[in-house]
Amino acid sequence: MSRPEACWAVESSGVHGKGVFATRHLAAGERIIEYVGEVITMAEAIARHPHDASNPDHTFYFHLDDGRVIDALYGGNDSKWINHSCRPNCEPDLVKGRIFIKTRRPVYRGEELTFDYGLFSDEPMTEALKARYVCRCGAAKCRGTMLSTD
């Protein structure tokens, strides 16, 4: 997605590694960036796993409702650096089969952009599994894991 005016920058994040930060005030409902990458099947995503053997639970996958996966490691853009938060200021928005990240509320210049990953696992929900996907968002009502608890 082209960006006629820069509204984000990738910088070091206190949440995790790199993060995406607003370079100007963003209005509620503003479309920021498209989550892009190679679109693959779930079977191919499983075969590619892990992206990094030293950190096997870190990927740049975005699961689509139709069962396919966007792998932003290949052909991705800055959207792959948007971190998880249990109290996010952004959310994914599906538009004609494409995923855009848009703001849920006004976002101030310098604020890190986040969305709720809502990860899922076929493994039973245990404390050990939650710990593998520990959340570092720091929100007052952080659920402690990036896994969906629904």
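The shown structure was predicted, so the numbers you read here are calculated from the model rather than taken from an experiment.

1. Side note on the overall build of the protein chain
When its secondary structure is counted, the protein chain shows two helices and ten strands. For the protein chain, the sequential pattern of α-helices and β-strands runs β-β-β-β-α-β-β-β-β-β-β-α. The C-alpha radius of gyration computed for the protein chain amounts to 15 Å, which stays within 12% of the reference 15 Å derived for 150 residues, consistent with globular compactness. The C-alpha extent of the protein chain, read off along each of the three principal axes, is 40 × 35 × 30 Å. Counting all 150 residues of the protein chain, 35% fall into the buried class. Taking contacts inside the protein chain between residues at least 6 apart in sequence as the whole, the part at least 24 apart equals 62%. Just so you have it, the protein chain exposes about 8600 Å², and 50% of that area is on carbon and sulfur atoms.

2. Topic: the environment of Cys-135
Structurally, Cys-135 is set in the segment after α2 (127-132). Once residues lying within four places of it in the same chain are set aside, the contact partners of Cys-135 are His-84, Cys-86, Cys-142, Gly-144, Thr-145 and Met-146.

3. Section: the pattern of salt bridges
When charged atoms on two side chains of opposite charge get close, those side chains can pair. One pass over the structure, following the stated rule, counts twelve salt bridges. As a salt-bridge pair, Glu-44 and Arg-48 come within 3.1 Å of each other at their nearest N and O atoms. Placement of the pair is Glu-44 and Arg-48 together in helix α1 (residues 42-48), with a separation of four residues, close to one helical turn. Connected through salt bridges with shared partners, the residues Glu-38, Glu-44, Arg-48 and Asp-71 form a single ionic network.

About the cut-offs
- Residues numbered from 1 in each chain as written.
- Predicted model: local features only at pLDDT ≥ 70, side-chain atom pairs only at ≥ 80, totals over all residues.
- Heavy atoms only, no water.
- Helix = DSSP H or I, 4+ residues; strand = E, 2+ residues; numbered from the N terminus.
- Rg over C-alpha atoms; globule rule 2.2 N^0.38 Å.
- Buried < 20%, exposed > 50% of the residue type's maximum accessible area, 1.4 Å probe, protein only.
- Contact = heavy atoms within 4.5 Å.
- Areas by Shrake-Rupley, 256 points an atom, 1.4 Å probe, with all protein chains shown as cover.
- Salt bridge = Lys/Arg side-chain N within 4 Å of Asp/Glu carboxyl O.

Note that every value here comes from positions in space, so none of it alone points to a role or purpose.
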